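A look at the structure
These are the residues of each chain, in order.
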Amino acid sequence: MHLSGIERDMLAGTHGRASALAMNILYELGELYAAERTIPVAQVHIDMTLYMVDAGVEFAEKMAEWGGKFAVPTQLNPASIDLLHPERLRVPEDLLEKSRRLEKAYLKMGAVPTWTCAPYQQGLIPSFGEQIAWGESNAIAFANSVIGARTERYADLTDVCAAITGSVPEMGLHLTENRKAERLFSIADFPSRAFDNARLFPLLGFVFGELAGDRVAALDGIPENVSMDNLKSFSAAAASSGAVGLFHIIGVTPEAPDIQSCFRSETPMETSPITREMLDAAEAKLNQGGAGMPDLIVLGCPHYSVDEFKALVKRLDSRRIQSGLEFWVFTSRQTHNQIKKARLLEAIERSGVKVFTDGCPLQYPKDSWNLHCAMSDSAKYANYCFSQTGLDVIFSGMRDCIETAVSGALKRTPLWK
Ligand code: F3S
């Protein structure tokens, strides 16, 4: 892989140990994938911001100690916890200490403390065609597909390296030829009013991800007026059930104004239908052992938007949630500020709902809470919940989550009416 003069100097250690290690890792990655050269990136989103293992903390600390500085604007995925109000989430000392160490190391290298998995909702939003290096599966799928920016699916640590070097190997989804659709799926038999139900999109994304796997695929049959929040829940679900880094929705996403464009003038071999039965089966699969009443409602995976908070306030309609039940919503600091200014936050909190910033609901401190069953409007959360938290899980829409919390009895409306 061809390196520029500065990159060769980095590799040789002229710019310090952190740059040398970062360049070395990216150089080996590029060689492995037969990249011919590197390309500059306009910005980076770092995924390795949760405390998972000590090695993650130590890597960030070492890079900071060795003089690592981020060469391009660099944002951060969620921490494990709410860094601003850890006491509200009952964060134990050791988890707080590890999270603070990660925070200190990334801020020392120059990160913007965004702490959100929906970095496309505000702040440093990339533009169409821009080369970027993002980690976090839902954000990668959204940036590539809905915005039309270009990022490979960066694994933990490689995103930190890209932030330090400001460049990446030119490979994968950075290249036009790899962004072509290989398979076409089509909505088979959905009634048109089905698309008014936000619960449809995470289920559709989940089925799409299972079918697409790691290939670029296209979907036909989604109405053009689909909302950004619907595309967000679709992206998150598709990237959790499959290794989806880029999808095209015909007539909706920017590289797919029509079928010919996203197949680059080749004719799709065949069109595979996505049926109502497939979505019903996905919903059954996402309900893992949760037949009883949940004691935790979780919204905000990925982090909730201002529009989603508006819908939440409207649906809550000043009603209080039942005592003995936790109702948590996760969002970014920026969205939190916006809903506070708009007085949505006080309406939500009056109902007994807790809004957390920075954190990820899958990382909540389990020993601090005696919880057994969660309910969520997120297919991604439902998909990972049992394996990562041990909680039973019920998937449904926001409306059912709220009605369950307010009534104290499990409410699940049929998907198809
Ligand atoms: Fe975000 Fe955690 Fe969900 S990082 S997408 S809230 S699993």
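What this report covers is the structure whose coordinates are included nearby.

Quick notes on the rules
- Residues numbered from 1 in each chain as written.
- Predicted model: local features only at pLDDT ≥ 70, side-chain atom pairs only at ≥ 80, totals over all residues.
- Heavy atoms only, no water.
- Helix = DSSP H or I, 4+ residues; strand = E, 2+ residues; numbered from the N terminus.
- Buried < 20%, exposed > 50% of the residue type's maximum accessible area, 1.4 Å probe, protein only.
- Contact = heavy atoms within 4.5 Å.
- Polar contact = N/O pair within 3.5 Å; in protein donor to acceptor, adjacent residues only side chain to side chain.
- Expected span 1.5 Å × (residues − 1).
- Disulfide = S-S within 2.5 Å.
- Pairing = 2+ DSSP bridges.
- Axes fitted to C-alpha atoms, helices over the stretch in contact; angles between N-to-C directions.

Description of the environment of E130
Considering the arrangement of structural elements, one finds E130 in the loop between α4 (93-108) and β4 (133-134). Judged by relative accessible area, E130 falls into the partly exposed class, the value being 27%. E130 has contacts with A42, A149 and R150, leaving out every residue within four places of it along the chain.

Description of the side chain of Q43
Residue position: Q43 is located in the loop between β1 (38-40) and β2 (44-46). Of the polar contacts made by the side chain of Q43, one reaches the backbone oxygen of L124; its length is 2.8 Å. In contact with Q43, other than residues within four places in its own chain, are V72, P73, Q75, L124, I125, P126, Q131, I132, A133 and W134.

What to know about helix α2 (residues 17-32)
Taking 1.5 Å of rise per residue, 16 residues should cover 22 Å, and α2 covers 22 Å from first to last C-alpha, within 8% of that figure. Along α2, the residues that are buried comprise A18, S19, A20, A22, M23, L26, L29 and G30. Those residues of α2 that are buried are in contact with α1 (5-12), α3 (54-65), α6 (158-165) and β5 (167-169). A positive phi of about 55° marks A34, the residue just after α2.

A short note on the state of the cysteines
Enumeration over the complete set of coordinates arrives at zero disulfides. Unpaired in terms of disulfides, C401 finds its nearest cysteine sulfur in C373, a separation of 11 Å. For C401, a relative accessible area of 0% translates into the label buried.

Quick notes on the sheet that holds strand β13 (residues 373-376)
On the basis of which strands lie adjacent, the open sheet formed by five strands has the order β12-β11-β10-β13-β14 and parallel pairing. Edge strands, defined here as strands with exactly one partner in the open sheet, are β12 (354-357) and β14 (392-395). Averaged over all pairs of adjacent strands, the angle between their axes in this sheet comes to 25°, without regard to strand direction. Relative to β14, β13 runs parallel, the two being bridged by four bridges. Each residue of the ladder has a partner; that of C373, found in β14, is D392.

Observations concerning the sheet that holds strand β3 (residues 74-76)
Read from one edge of the open sheet, three strands run β3-β2-β4, paired in parallel fashion. Of all strands in the sheet, those bounded by a partner on one side alone are β3 and β4. Two strands pair when backbone bridges link them, and β2 and β3 are joined in this way by three bridges, in the parallel orientation. Across the sheet, residue H45 finds its bridge partner in β3, namely Q75.

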